[in-house]
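Coordinates in review
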Amino acid sequence: MKKIIHIFLSALLLLLLHVTANAQRFSAGITAGLVATDVHNSDIYDNDDDFHKAGFMLGGAVSTPLSEKITFRFELNYIQKGTQQPGDSLGNDFYRFSFNYLEFPLLVKYRIHFNVSKKPVKGFELHAGISYGKLLQNTAEGDNFFQANDDTRYNTNDVSLLGGLGYRFATHFTFTVRYSNSLISVFKQNSDPYGFGGPTFNNGNNMVFHFVLQLQFGAVPKNTTAPPAEENNSGN
């Protein structure tokens, strides 16, 4: 685990140093948040997606404007995914799969403006993209064979589509809600215990809701409205 942390911090430092050297074209930021995750069709009891597994994500980001409304963003994140099913009243039949990834999302963010009661509302942004993840660590806990950690049963690569909505609530802070869905099953075909990665669409794929706080250093995008109190203090 120490080696994993060292690799992640080294990559994050190199990313931030690169942005510092190209500050006129790029801006850097920090991303942190909580996630609710599930693996589709992993509930062997009632076969639903309930997102019982919680985790966190932490990373850095680089952004560059493509136009007044469109921004391209690259992130480097450590993120916890997986699935969990609670046991019965006696604690039986509990299991949890945990998958920790180093993830590289590529996003396009589009700022939107609209009116509410004839008053302009700014600060919202839609974003969508794709991410590549590398499995760093996995654990399996629970009853019976779920306690076995067999690395040969897992796909070490993850490719996901993601989308979300963000709101810039202060000059340098944005809160974002995202959803991502992987295109590759966590489990290799015919290697998982209950057929999570079977032939049915989306079986065995990671599904994640992200609740993310983003801090951006330096200049903020043009035409982005900060809260009224900050606008008044700016003298504009």
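See the structure printed just above.
Residues numbered from 1 in each chain as written. Predicted model: local features only at pLDDT ≥ 70, side-chain atom pairs only at ≥ 80, totals over all residues. Heavy atoms only, no water.

Once that is clear, we can look at the sheet that holds strand β2 (residues 53-65). Backbone-to-backbone hydrogen bonds join strands into a sheet, with any given pair of strands oriented parallel or antiparallel. Strand order around the closed barrel formed by 8 strands is β1-β2-β3-β4-β5-β6-β7-β8, with antiparallel pairing between neighbours. Adjacent strand axes in the sheet meet at a mean angle of 25 degrees, parallel and antiparallel pairs treated alike. (Pairing = 2+ DSSP bridges. Helix = DSSP H or I, 4+ residues; strand = E, 2+ residues; numbered from the N terminus. Axes fitted to C-alpha atoms, helices over the stretch in contact; angles between N-to-C directions.)

On to the packing of aromatic side chains. Going through the model one piece at a time under the given rule, you end up with 13 aromatic pairs. Between the aromatic rings of F99 and F187, the centroid separation amounts to 6.2 Å while the plane-to-plane angle is 85 degrees, which identifies the pairing as edge-to-face. Taken together, the positions of F99 in strand β4 (residues 95-116) and F187 in the loop between β7 (173-185) and β8 (205-216) put the pair 88 residues apart, joining distant regions of the chain. A residue is classified by how much of its surface remains accessible, and F99, at 0% relative accessible area, is buried. Judged by centre distance (5.0 Å) and plane angle (50 degrees), the rings of Y179 and F209 are tilted. Linking Y179 in strand β7 with F209 in strand β8, this pair joins segments that are 30 residues apart in sequence. By relative accessible area, which is 28% here, Y179 ends up partly exposed. Classification of F209 by relative accessible area gives partly exposed; the value is 31%. Feature note: the residues Y95, F97, F99, Y154 and F187 constitute an aromatic cluster, connected by ring pairs. (Phe/Tyr/Trp six-rings, centres within 6.5 Å; stacked < 30°, edge-to-face > 60°. Buried < 20%, exposed > 50% of the residue type's maximum accessible area, 1.4 Å probe, protein only.)

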